[in-house]
Amino acid sequence: MWRDCLLLGLMLVFGGLIGNSHSRLRAAEGDVAAKPNVLFIAIDDLNHWVSHLGVHPQTKTPNIDRLAAMGVSFNKAYCAAPACNPSRIALMSGIRPSTSGCYDNGQPWASAISDDKLLNTVLAGAGYGVYGAGKIYHGGYGHGETWTEYFAKNGSDNMRRDASAKDGGVEGIQFAPLGNTDADMPDYKVVSYGLELLQQNHDKPFFLAIGLVKPHMPFSVPKKWFDMFPLESIQLPPHTDNDLADVPLAGRQMAGGDHAKILESGRWAEAVQAYLATIAFCDSQVGRLLDGLEQSKYKDNTIVCLWSDHGWSLGEKEHWRKFALWEEPTRTVFIWKVPGMTPAGVQCDRPVDYMNIYPTICALTGTTRPGHVEGYDISPLLKDPGTKWEIPAITTQRRNNHAYRSEQYRYIRYAGGAEELYDHTRDPNEWTNVADDPKLAEIKAAFLKYAPEINAPELPAKRGGGEDAAPKANPKAKAKLPS
């Protein structure tokens, strides 16, 4: 009889263990299913010209503003590098340009960064379905087996200039209205893919990355978007003559020669009109995505993170494009909506850079943060945008050239030791370099405490960047500019 009792006891014990194991498995499965989805909206070359930030008075971005009204918008958000390739791989790998050596568009990052370090790969390993469309990484990089599915088609098929277009722009600064419809645009097709994904049934949480190419050059979208901004009404961005006079040679060389060509052409206002039109088209595609999410069953359990890979200059500091360390080419739009966490319609004044995206998504999705990831979890700022935050945003342009941004100051230190310092409380347009003021030595020293410890050699370039290549250095920069 005792054998029967022992057998019964063993059966109860093992039965309990098996039952508990199944319970734990179901709980784990439930935890994965309960994890939030992520809608990751990447925009190419959009600076901070969005209406809710109030930078350019004529910009029209009702949909991006709608997202900002639902969450937290950072009004001091900065890229890791002011160029597509290094900015995007830094963000998606969690590794700064100064650590990887990927500083420019022609440098294939795969020689320094393995696929297992990428955000989409790590999320896939954590139980996520990872889907991408359009431009997330630069060019064809990052579209391998690191995705559940990737809709990579983003080429410009059958784009044609409208009959009203004079030409294709002013040399490297390309702009012209198109005789196409919105549905012809590659970004429209990329968003359509995202909308299809949002209507599907998913048996596990998803990370959906949608990469919009516009407003990247050429600033060419259907003519109806140009018509929203009559040329005679266009306001030029703030500028002043001889703005580079107090900028060191290293900074002047970054400015390139585009501005002189634009001034000579007399078409500055046309270029601004085209950029505003292209932003408005981009905003309409963001609106389609937001509508699709709101109409889906995932609307209450989906984090939305919207970012642009870097800023863009349109003549400020006699500079065009990106590829420099001033405010305009480095500052971007950056918005988070996290269900149950973010307050609605609040701007955060704290400076942040994009190295913080990877660790924050890990924290919000319950994903173990890989050890290689640099940057900080900004969840405290998402919960309370007024939280104390003393870490500066850092942007790197080529090797050992870094910009540091606090709430009040921008400090730039170039590889040779040349400096720029701007006090944004008195000089929001960065017109007066006060780096030589001895009273501000402590300000500069405080920034340098955050200087990257590694300044890796540049990776070898294997291909040109096309229109994404940095322009040639401004030949006038070699001479002393008039004061």
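For the structure itself, look to the data block above.
Procedures and definitions
- Residues numbered from 1 in each chain as written.
- Predicted model: local features only at pLDDT ≥ 70, side-chain atom pairs only at ≥ 80, totals over all residues.
- Heavy atoms only, no water.
- Buried < 20%, exposed > 50% of the residue type's maximum accessible area, 1.4 Å probe, protein only.
- Helix = DSSP H or I, 4+ residues; strand = E, 2+ residues; numbered from the N terminus.
- Pairing = 2+ DSSP bridges.
- Axes fitted to C-alpha atoms, helices over the stretch in contact; angles between N-to-C directions.
- Contact = heavy atoms within 4.5 Å.
- Salt bridge = Lys/Arg side-chain N within 4 Å of Asp/Glu carboxyl O.
- Core = buried A, V, L, I, M, F, W, Y, C linked by side-chain atoms within 4.5 Å.
- Phe/Tyr/Trp six-rings, centres within 6.5 Å; stacked < 30°, edge-to-face > 60°.
- Lys NZ or Arg CZ within 6 Å of the ring centre and 35° of its normal.
- Lys, Arg positive; Asp, Glu negative; His and termini not counted.
- Polar contact = N/O pair within 3.5 Å; in protein donor to acceptor, adjacent residues only side chain to side chain.

(A) Structural view of the pairing of strand β9 (residues 302-308). With seven of seven residues buried, β9 lies mostly within the body of the structure. Here β9 shows two buried faces, one formed by Thr302, Val304, Leu306 and Ser308 and the other by Ile303, Cys305 and Trp307. Relative to β9, strand β1 (residues 37-43) runs parallel, the two sharing seven bridges. Within β9, the position partnered with Asn37 by the bridge is Thr302. As defined by bridge partners, β9 adjoins strand β13 (residues 334-337) across four bridges and the pair is classed as antiparallel. In the strand pairing of β13, Val304 is matched with Lys337.

(B) Expanded view of the sheet that holds strand β14 (residues 346-348). Strand order in the open sheet formed by eight strands is β5-β4-β8-β1-β9-β13-β2-β14, with mixed pairing between adjacent strands. The outermost strands of the open sheet, each flanked by one partner alone, are β5 (149-151) and β14. Within this sheet the neighbouring strands show an average axis-to-axis angle of 15°, counted without direction. In this fold helix α3 (residues 84-93) packs onto β1 and β9, with an angle of close to 165° to the strand it touches most, β1.

(C) Seen up close, the pattern of salt bridges. Under the counting rule described, the total for this entry stands at 24 salt bridges. Lys135 serves as the salt-bridge partner of Asp44, at 2.8 Å between the closest nitrogen and oxygen. Of this pair, Asp44 sits in the loop between β1 and α2 (62-70) while Lys135 sits in the loop between β4 (129-134) and β5, and the two are 91 residues apart along the sequence. Assigned by exposure class, Asp44 and Lys135 land together as buried. Note that Asp353 is salt-bridged to Arg96, the shortest N-O span being 2.9 Å. Taken together, the residues span a long stretch of sequence, with Asp353 in strand β15 (residues 352-353) and Arg96 in the loop between α3 and α4 (97-100) at a distance of 257 residues. Of the two residues, Asp353 and Arg96, neither departs from the other in class, the shared state being buried.

(D) Looking closely at the nonpolar core. Ile43, Ile64, Leu208, Ile210 and Leu306 are the most contacted members of the largest nonpolar core, which totals 57 residues. If you list the elements that add at least two residues to this core, you get β1, α2, β4, α6 (186-199), β8 (206-212), α7 (223-227), α10 (268-294) and β9. Broken down by element, the residue count for this core peaks at 15 residues, all from α10.

(E) Up close: the packing of aromatic side chains. Evaluation of the coordinates by the stated rule reveals 21 aromatic pairs. Note on Trp49 and Tyr275: the rings are 5.4 Å apart at their centroids and 75° apart in plane angle, and the pair reads as edge-to-face. Linking Trp49 in the loop between β1 and α2 with Tyr275 in helix α10, this pair joins segments that are 226 residues apart in sequence. Here Trp49 and Tyr275 have matching classes, each one buried. Ring plane angle 80° and centroid distance 6.0 Å describe the contact between Phe334 and Trp336, whose orientation is recorded as edge-to-face. For the pair Phe334 and Trp336, a shared accessibility class is recorded, and that class is buried. Between the NZ or CZ atom of Arg288 and the centre of the ring of Tyr188, over which it lies, the distance is 3.5 Å. Seen from the ring of Trp326, Lys317 lies directly overhead, with NZ or CZ sitting 5.6 Å from the centre.

(F) Structural context of helix α12 (residues 357-365). Among the nine residues that make up α12, eight are buried, leaving the element largely enclosed by the rest of the structure. For α12, the set of buried residues is Ile357, Tyr358, Pro359, Thr360, Ile361, Cys362, Leu364 and Thr365. The positive-phi residue at the C-terminal boundary of α12 is Gly366, with phi of around 70°.

(G) Structural detail: the side chain of Asp187. The topology assignment puts Asp187 in helix α6. Of the side chains with opposite charge, Lys214 comes closest to the buried, unpaired Asp187, at an N-O distance of 6.9 Å. A polar side-chain atom of Asp187 sits 2.9 Å from the main-chain amide nitrogen of Val213. If we skip the residues at most four places from it in the chain, Asp187 touches Gly211, Leu212, Val213, Lys214, Phe281 and Gln285.

(H) Looking closely at the pairing of strand β18 (residues 409-413). Of all five residues making up β18, four are buried, and the element is well covered by its neighbours. Note: strand β17 (residues 402-405) against β18, four bridges, orientation antiparallel. Residue pairing in the sheet places Ala403 in a bridge with Ile412 of β18. In this structure, the hairpin formed by β17 and β18 is closed by a connection of three residues. Note that β18 and strand β19 (residues 419-423) share five bridges and pair antiparallel. Counterpart to Ile412 in the pairing with β19 is Glu420. Connecting β18 to the next strand, β19, in antiparallel fashion are five residues, including Gly417 with a positive phi near 100°.

Geometry only, nothing functional implied.
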